[in-house]
Amino acid sequence: MSHHHEHAPIGGRLITLPFLFLSALALIAVVLLVERFMYGLGAVTNLNDGFPWGIWVVYDIVVGTGFACGGYVLALTVYIANKGKYHPLVRPALLASLFGYSLGGLGAIVDMGRYWNFYQMFNPAQQNFNSVMLEVGLCVAAYSIVLFIEFLPVIFEKFRADEWKKKLEKILFIFIAIGVLLPTMHQSSLGSLLIAMGGKVHPLWQSAYLMPVLAITTAMMLGFSIVIFEGSMATVGLRQPSETHLHRGLIKVIRALLVLFFIVRLGDLLYRGVLGAAFSGTLQGNMFLLEMVLFLIPLVVLSSANLVRQGRFLLIAAVSLLLAGALYRFNAFLIGFDPGAGYIYFPSVKELLVSIGIVAIEILGYLFFVKMFPVLPKAHAHA
Amino acid sequence: MNNNELQQVAERLGVSRRTFMKFCTGVAATLGLSAGAGVQMAHAIANPRRPAVIWLSAQECTGCTESLLRANHPSLEHLILDLVSLDYHETLSVPAGHAAEEAKQHSMKENWGKYVLVVDGSIPMKDGGIYCKVAGKPIVDHVREAAEGAAAIISIGSCAAWGGVPSAGPNPTEATPVDKVLTDKTVVNIPGCPPNPYNFLSTVLHLVTFGTLPELDHLNRPKFAYGRLIHENCERRPHFDAGRFALEFGDEGHKQGFCLYKLGCKGPETYANCPAVEFGDVGGGAWPVGVGHPCFGCTEQGVGFEKGIHQLADVITVTPPTTFPGIAEPVGQGVTPGAAALLGAVGGAVLGATAVAVKQLGKAEASEQSDNDSQS
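All of these numbers come straight from a predicted model, not from anything done at the bench.

A. Up close: the overall build of chain A. The helix and strand tally for chain A stands at 13 helices and zero strands. Put simply, chain A runs from its N terminus to its C terminus through helices and strands in the order α-α-α-α-α-α-α-α-α-α-α-α-α. Within chain A, the proportion of its 383 residues that are buried is 46%. Taking contacts inside chain A between residues at least 6 apart in sequence as the whole, the part at least 24 apart equals 82%.

B. View of the overall build of chain B. Within chain B, the secondary structure is distributed over 16 helices and nine strands. Buried positions account for 41% of the 376 residues belonging to chain B. A sequence separation of at least 24 residues applies to 70% of the contacts in chain B between residues at least 6 apart.

C. Focus on the interface of chain B and chain A. At the interface, 22 residues of chain B touch 27 residues of chain A. Of the residues that constitute the side of chain B that touches chain A, the class distribution is eleven nonpolar, eight polar and three charged.

D. Here's a closer look at unusual backbone geometry. Look at the link from Gly169(B) to Pro170(B): it is a cis peptide, with omega at 0°. Along the chain, Pro170(B) turns up in the loop between helix 8 (157-162) and strand 8 (175-176). For the bond running from Cys193(B) to Pro194(B), omega is -5°, close enough to zero to count as cis. Positive phi is not limited to glycine here, since Arg160(A) has a value of about 55°. Assignment of secondary structure puts Arg160(A) in the loop between helix 6 (132-158) and helix 7 (162-197). Judged by the 9 C-beta atoms lying within 10 Å of it, Arg160(A) falls in the exposed class. Residue Phe305(B) is not a glycine yet carries a positive backbone phi of 65°. Among the secondary structure elements, Phe305(B) is positioned in the loop between helix 15 (274-277) and helix 16 (337-375).

E. Geometry of the sheet that holds strand 1 (residues 52-57) of chain B. All names here are of chain B. The strand order 2-1-3-7-9 describes an open sheet built from five strands, whose pairing is parallel. Taken across any chain shown, the strands that pair with only one partner, and hence form the sheet edges, are strand 2 (85-89) and strand 9 (187-190). Across the sheet, the mean angle from the axis of one strand to that of its neighbour is 25°, orientation sign disregarded. Sheet topology note: the strand 1/strand 3 (residues 115-120) ladder contains five bridges and is parallel. Counterpart to Ile54 in the pairing with strand 3 is Leu117.

F. Expanded view of the pairing of strand 9 of chain B. All names here are of chain B. Of the two faces of strand 9, both are covered, the one formed by Val187 and Asn189 as well as the one formed by Val188 and Ile190. The pairing of strand 7 (residues 150-156) with strand 9 spans four bridges and is classified as parallel. In the sheet register, Ile153 faces strand 9, and the bridge partner there is Val187.

G. Representation of the environment of Leu22(A) in the model. Residues and elements named next belong to chain A. Within the fold, Leu22 resides in helix 1 (residues 17-39). C-alpha separation for the pair Leu22 and Ile358, spaced 336 residues apart in sequence, amounts to 9.9 Å. With near-sequence residues (within four places) excluded, Leu22 lies in contact with Ala360, Ile363 and Leu364.

H. Just the packing of helix 5 (residues 90-111) of chain A against helix 6 of chain A, in detail. Residue and element names in this part refer to chain A. Where helix 5 meets helix 6, the closest approach of the two axes is 9 Å, and the angle between their N-to-C directions is 145°. Judged by the sense of rotation from one axis to the other, the crossing of helix 5 with helix 6 is left-handed. Where helix 5 abuts helix 6, its residues Arg91, Leu94, Leu95, Ser97, Leu98, Tyr101, Ser102, Gly104 and Gly105 lie against Val140, Ala141, Tyr143, Ser144, Leu147, Phe148, Glu150, Phe151 and Val154. Across the contact of helix 5 with helix 6, the residue classes tally to eleven nonpolar, five polar and two charged.

I. Just helix 6 of chain A, in detail. Residue and element names in this part refer to chain A. The end-to-end C-alpha separation of helix 6 is 39 Å, in line with the 39 Å expected for 27 residues at 1.5 Å each. Along its length, helix 6 reaches its greatest deviation from straightness, about 40°, at Phe151, and the proline Pro153 lies no more than four positions downstream. The complete set of buried residues in helix 6 reads Val136, Gly137, Val140, Tyr143, Ser144, Val146, Leu147, Glu150, Pro153 and Glu157. Following helix 6 by one or two positions, Arg160 has its phi on the positive side, about 55°.

J. Main features of the packing of helix 6 of chain A against helix 7 of chain A. Residue and element names in this part refer to chain A. Contact geometry for helix 6 and helix 7: axes closest at 7 Å, N-to-C directions at 150°. As the angle between them shows, helix 6 and helix 7 are arranged roughly antiparallel. The handedness of the crossing between helix 6 and helix 7 comes out as left-handed. Class assignment of the residues belonging to the contact of helix 6 with helix 7 gives a composition of 23 nonpolar, four polar and five charged.

K. Broad picture of the nonpolar core. Ranked by size, the top nonpolar core spans 109 residues in total, and within it Leu74(A), Leu315(A), Ala318(A) and Leu322(A) carry the most contacts. In terms of residue count, the dominant contributor to this core is helix 12 (residues 311-335) of chain A (18 residues). Those residues in contact with Ala318(A), other than ones at most four positions away along the chain, are Ser225(A), Ile228(A) and Phe229(A). Counting residues in hydrophobic clusters, the runner-up holds 81 residues, among them Leu56(B), Ile154(B), Phe224(B) and Val289(B).

L. Structural view of the pairing of strand 7 of chain B. Residues and elements named next belong to chain B. Burial of strand 7 is extensive: six of the seven residues sit out of reach of the surface. As paired strands, strand 3 and strand 7 are joined by six bridges and run parallel to one another. Bridging from a neighbouring strand, Val118 pairs with Ile154 of strand 7.

M. Structural context of the confidence of the model for chain A. Here chain A averages 88 in pLDDT, while 97% of its residues score no lower than 70. Per-element averaging of pLDDT across chain A places helix 11 (residues 305-308) of chain A at the bottom with 85 and helix 1 of chain A at the top with 94.

N. View of the environment of Val201(A). Residue and element names in this part refer to chain A. Position of Val201 relative to the elements: it lies in the loop between helix 7 and helix 8 (211-237). What makes Val201 buried here is the crowd of 21 C-beta atoms within 10 Å. Each residue touching Val201, except ones within four places of it in the same chain, is listed here: Leu194, Gln206, Ala332, Gly336 and Phe337.

O. Region of interest: helix 10 (residues 283-303) of chain A. Residues and elements named next belong to chain A. Helix length check: helix 10, at 21 residues, gives a terminal C-alpha distance of 30 Å against a target of 30 Å (1.5 Å per residue), a fit within 8%. What helix 10 keeps buried is the set Gln284, Met287, Phe288, Glu291, Phe295, Pro298, Val301 and Leu302. Each buried residue of helix 10 sits inside an arc of 170° when the element is viewed along its axis, so together they form one side. In helix 10, the exposed positions angled more than 90 degrees off the buried face are occupied by Leu289 and Val300.

Rules used throughout
- Residues numbered from 1 in each chain as written.
- Chains lettered and ligands numbered in written order.
- Predicted model: local features only at pLDDT ≥ 70, side-chain atom pairs only at ≥ 80, totals over all residues.
- Helix = DSSP H or I, 4+ residues; strand = E, 2+ residues; numbered from the N terminus.
- Buried ≥ 20, exposed ≤ 12 C-beta atoms within 10 Å, placed from the backbone.
- Contact = placed C-beta atoms within 7 Å.
- Nonpolar A, V, L, I, M, F, W, Y, C, P; charged D, E, K, R; others polar.
- Pairing = 2+ DSSP bridges.
- Axes fitted to C-alpha atoms, helices over the stretch in contact; angles between N-to-C directions.
- Left-handed = near helix turned anticlockwise from the far one by under 90°.
- Expected span 1.5 Å × (residues − 1).
- Bend = angle between axes of the 7 residues up to and from the residue.
- Parallel < 35°, antiparallel > 145°, perpendicular 65-115°, else oblique.
- Core = buried A, V, L, I, M, F, W, Y, C linked by C-beta atoms within 7 Å.
- pLDDT = per-residue confidence, 0-100.
- Arc of directions from axis to C-beta.

Encoded structure:
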């Protein structure tokens, strides 16, 4: 279907003021990572024995790969549900996913205390098939490669390697299929991780074995939201034609996912009789309420025929949903996580700066590719 | 052999068929054999022709017999006595005096070359062996006589296996282990004071079922039971590696269940399966180290009854480092003003960027709307 739409680099100056600002943030992160590898995790992070996972894992991997689900849900929509009209959205979404996943994988290595044993994950003799982490690790690694292959046609187009592109497109459907399968697996496994954490997870998030369902629904919602968010930002920031008319088509799916999420989430809380904890006035209770409000805003916006027509309300709904999905994962993995024995955790300034730097690198990469490579649809393609 | 016969054995033993099969599977597991071996064992026990056992007691305290009888399962003493035909045992025999001696002679003649000889206690060799006599004869003569027609010889307990308590300095009776008396025979050693009854039962059941002895190490101890150091399987091992030690009985570390190495635990130089099999069939860490007492190395020659109870063990595998990580792990610090400010700034940037984009989108759409209106 790709030949129906034409893509083109948007051009323009690469080195702009925002570009320099983001580069500075990225540089700070790189310097701090050098410190981390020279003096160990303790020099940079606030991690301890009770909280071996901090913001690097929970933001860069758990939330970050959720944000990177745009490529996944669009592949699902365009190729599995055969909705070809959304094709112009695929390339930028794939690009964001590629950055999200490969930097998430990098984040995993950075966060590993004994990173030099990392390669053992791929050694069949050392693999523990009862481990959820192995599933997540292998899946994320494989998906990063698949994303790269899915993105390869863009590179071939840029360098006019038409022969290569033709060859690749003949077998691309295999990788697209794998690219839909893998995130379904590891995104739900993120929920299985919570099951494995057992009683350390607050009752508001430690559901009756439904966390994988909640994890995959939030992943899909995050994926659709990031497509709307990224498209809106490109319209405003890069002066691209509005994609609101395409985004509107996604609303039905998002709304259905939201309804499903609320039914499962609240039904589970009622079934287990722990909903009262939400009004306990504790940090966890209040964060739960905030999470619910953030999920409710998009449901209200998307249910109103009037608001849905306006791109700015779509953006509000998308941002609210992004924050809701991120907060759900933060709540389950960090804020509602209590290992006992008096352990507490809050990210250090340096940890935060590294995560901010990684986001900066993602945006820098995105800007570089949309300006130099044929990622975004040509301005006249759908005018 | 069918299930009906297994049922009959179970009834004879006064236990359910299920309990009986569980026991056999448990023994097979202790030996490191497959579950199928448990079924084979069940059938071997069900065989009406049970092997005869002659049990001789030399310089001993009857502790080994006690530990076999005092196993927690009410059915176990039935099993012990029912899986073999115990034809002679000084403590357990019904006949006494000449009648007991006669029964032994009768059984030996009847089962010549087929019976199992079990010896507990060490053999006194000084002054012609006169320090332990049974039926007017030194015990060493009884042992040599019975060994002649034995299919297999088992030394149970540390006394029989390597000398044990009676051989401790100055060893006034010249207490000698059985295999030093019967130098021309294979003697299986099951040391321990007392040994775990399962190590004995498993060895005998292996013999009964397969007709062969389990694999033995260089000291003729069954490898399944004495193949690894206590230290290697100890539930307190992580405390050793982390440098968390009890330094006195009842101190904070002792109460927390820390490693007992510094109280003289001999686990690092003693080979036995105590941490895995435990004692008394009650589970839950019911073995010396599990209940807070250092291992004193009862199974190991040169350790038990020889080294001081609170003397430090020689660590055979990994020598402990001279420095250890601290016992008080940092539990983390709360939010710092800098981190809170940074996080706030990120939140502000996200909301600010969204607000600006929302505004501009609104503007763009308004103009687009008017464009469309003018077109149509």
